[in-house]
Amino acid sequence: RDLHSFPTRRSSDLEIVEIRDRAFNLCEVCMDEGDYSKKDIEIHHIVKLKDDPSGFLENENLIALCVRHHKMADEGKLSVDYLTSLAEAREERTR
């Protein structure tokens, strides 16, 4: 890819803010389980960037997670399909 075609740091920061806002700054897995955790929310790439760099700023590839669920996602303990379904539901809800 052309170096100029990659997203800028500013665009990635804006996307992170947007995903946090759309998720109400809550962990989306906790919310699905009926818990509303706002503690230490991080943005996770559902499909790893090394596997698909084009998903860097795709809303459906980004999900707000607490530290515990982020670690579980990184370890493969939360399926890509499950996380994707949560991200898609968030996007549908906020359109």
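Quantities reported herein were computed from a predicted structural model and do not represent experimental measurements.

Engineer: What exactly am I supposed to notice about the overall build of the protein here?
Structural biologist: The number of helices and strands found in the protein is four helices and two strands. If you list the helices and strands of the protein from N to C, you get α-α-β-β-α-α. Put simply, the protein has 95 residues, and 35% of those count as buried. Across the protein, every contact between residues at least 6 apart in sequence was considered, and the portion connecting residues at least 24 apart equals 64%.

Engineer: Is there a simple way to explain helix α4 (residues 80-93) in this structure?
Structural biologist: Think of an α-helix as turning once every 3.6 residues; residues three or four places apart then point the same way. Here α4 contains 14 residues, and its C-alpha end-to-end distance of 20 Å stays within 8% of the 20 Å for a straight helix at 1.5 Å per residue. Residues of α4 that are buried include every one of Leu-83, Thr-84, Leu-86, Ala-87, Arg-90 and Glu-91, and no others. End-on, the buried residues of α4 take up no more than an arc of 160°, which puts them together on one face. Every exposed residue of α4 that faces more than 90 degrees away from the buried side is listed here: Asp-81 and Glu-92.

Engineer: What's the story with the nonpolar core in this structure? I'm lost.
Structural biologist: Within soluble globular proteins, side chains that are nonpolar generally end up buried alongside one another. Core analysis: the biggest nonpolar cluster contains 18 residues, and Cys-27, Val-29, Ile-63, Leu-65 and Leu-83 have the highest contact counts within it. Among the elements of the structure, α2 (28-32), β2 (62-65) and α4 are those that each provide at least two residues to this core. By residue number, the principal contributor to this core is β2, which donates four residues.

Engineer: Help me understand the pattern of salt bridges in this model?
Structural biologist: Two side chains that carry opposite charge are able to pair once their charged atoms sit near each other. Tallying each qualifying case throughout the model produces nine salt bridges. The partner of Arg-95 in a salt bridge is Glu-60, with the nearest N and O atoms 3.4 Å apart. With Arg-95 in the segment after α4 and Glu-60 in the loop between β1 (42-45) and β2, this pair connects stretches of sequence that are 35 residues apart. Judged by relative accessible area, Glu-60 falls into the partly exposed class, the value being 30%. The partner of Arg-95 in a salt bridge is Glu-92, with the nearest N and O atoms 3.1 Å apart. When its relative accessible area of 67% is taken as the criterion, Arg-95 is described as exposed. Taking relative accessible area as the criterion, Glu-92 reaches 55% and is therefore assigned exposed.

About the thresholds
Along every chain, residues carry numbers that run from 1 in the direction the sequence is written. The predicted nature of this model means local features are confined to residues of pLDDT at least 70 and side-chain atom pairs, given and counted, to a pLDDT of 80 or more, with totals for whole chains, interfaces and linings taken over all residues. Heavy atoms from the whole structure form the basis of all side-chain values; hydrogens and water molecules are not counted. Numbering of helices and strands runs from the N terminus, with a helix taken as a DSSP run of H or I at least four residues long and a strand as a DSSP run of E at least two residues long. Burial classes follow relative accessibility: with a 1.4 Å probe on protein chains only, a residue under 20% of its type's maximum area counts as buried, one over 50% as exposed, and anything between as partly exposed. We call two residues in contact whenever any of their non-hydrogen atoms come within 4.5 Å of each other. To estimate the expected span of a helix, count its residues, drop one, and scale the result by 1.5 Å. Think of it as the arc spanned by the lines of direction from the helix axis to the C-beta atoms. Here, nonpolar core refers to any group of buried Ala, Val, Leu, Ile, Met, Phe, Trp, Tyr and Cys residues whose side-chain atoms link them within 4.5 Å. One speaks of a salt bridge when a side-chain nitrogen belonging to Lys or Arg is within 4 Å of a carboxyl oxygen belonging to Asp or Glu.

On their own, these measurements won't tell you what the molecule is for.
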